[in-house]
Amino acid sequence: MDANASLTTEPAERVLTLTRIFDAPRSLVFDGWTEPQHLIRWWGPRGFTMPTCEMDVRAGGKYRFRMRSPEGPEVWWHGICREIVKPERIVWTCSIDDADGNSISGETVLTVTLEDQAGKTKLTLHQAMFASDALKESHNNGWNSAMERLAEYLATV
């Protein structure tokens, strides 16, 4: 085995990685991801709302979000915070269920890393392993829209 080979590999087609630069300090971007009063302002694709946002932001803490689409159907995001390093890193599990409690996503692990860049913040989002290419693409579209909403929100805070 090649000494540089990873012992665990993630098929690229089932892993999502996005990078964005936000014109906001790292501490504010971190708070935007971990404090319900901020999350409800930007979470989800454009047009979506978050009527329920419960978070216990600590390693082992649970979170639960109810997200409503513009057409009305709702989904529940939930999981466990695995790692919280303020203001640098957030790692949590993610599962999405329909309104009846049926899983529509399986479980992924979401890692958000924040780096200070002269008063701006470089955010790297890594989410894996998706059960299918279609789920990955759906999340890619959703996260890109949500990142636009986050940038717009941060400009108002």
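Preceding block: the structure.
To start, this report covers the structure provided alongside it. A quick note: this is a predicted structure, and the numbers were derived from the prediction, not measured.

## Here we look at the side chain of Gln 127
- Take Gln 127: it is sitting in strand E7 (residues 120-128).
- On the basis of relative accessibility, which here comes to 0%, the residue Gln 127 falls in the buried class.
- Among the polar contacts made by the side chain of Gln 127, one reaches the side chain of Thr 108 at a distance of 2.8 Å.
- Of note is the side chain of Gln 127, whose polar atom sits 2.8 Å from the side chain of Trp 143.

## Notes on the pattern of salt bridges
- Applying the stated criterion across every chain, the model contains 8 salt bridges.
- Across the pair Asp 56 and Arg 58 runs a salt bridge whose closest N-O atoms are separated by 3.0 Å.
- Of the charged contacts in the structure, one is a salt bridge between Glu 74 and Arg 66, with a shortest N-O distance of 3.0 Å.

## Things to note about the environment of Thr 19
- Among the structural elements, Thr 19 can be located in strand E1 (residues 15-22).
- In the structure, Thr 19 is positioned 28 residues away from Gly 47 in sequence and 22 Å away in space, judged by C-alpha atoms.

## With respect to the packing of aromatic side chains
- Under the counting rule described, the total for this entry stands at 13 aromatic pairs.
- Plain terms: the ring middles of Trp 43 and Trp 143 are 5.2 Å apart, the flat faces sit at 85° to each other, and that makes the pair edge-to-face. Placement of Trp 43 in the loop between helix H2 (36-42) and strand E2 (49-55) and of Trp 143 in helix H3 (residues 133-154) is noted, with a sequence separation of 100 residues between them.
- You can call Trp 43 buried: its relative accessible area is 2%.

## Observations regarding the side chain of Ser 105
- You can see Ser 105 is positioned in strand E6 (residues 103-117).
- At a separation of 2.8 Å, a polar atom in the side chain of Ser 105 contacts the main-chain amide nitrogen of Ile 96.
- Other than its neighbours up to four places away in sequence, Ser 105 contacts Ser 95, Ile 96 and Leu 135.

The rules behind these values
- Residues numbered from 1 in each chain as written.
- Predicted model: local features only at pLDDT ≥ 70, side-chain atom pairs only at ≥ 80, totals over all residues.
- Heavy atoms only, no water.
- Helix = DSSP H or I, 4+ residues; strand = E, 2+ residues; numbered from the N terminus.
- Buried < 20%, exposed > 50% of the residue type's maximum accessible area, 1.4 Å probe, protein only.
- Polar contact = N/O pair within 3.5 Å; in protein donor to acceptor, adjacent residues only side chain to side chain.
- Salt bridge = Lys/Arg side-chain N within 4 Å of Asp/Glu carboxyl O.
- Phe/Tyr/Trp six-rings, centres within 6.5 Å; stacked < 30°, edge-to-face > 60°.
- Contact = heavy atoms within 4.5 Å.

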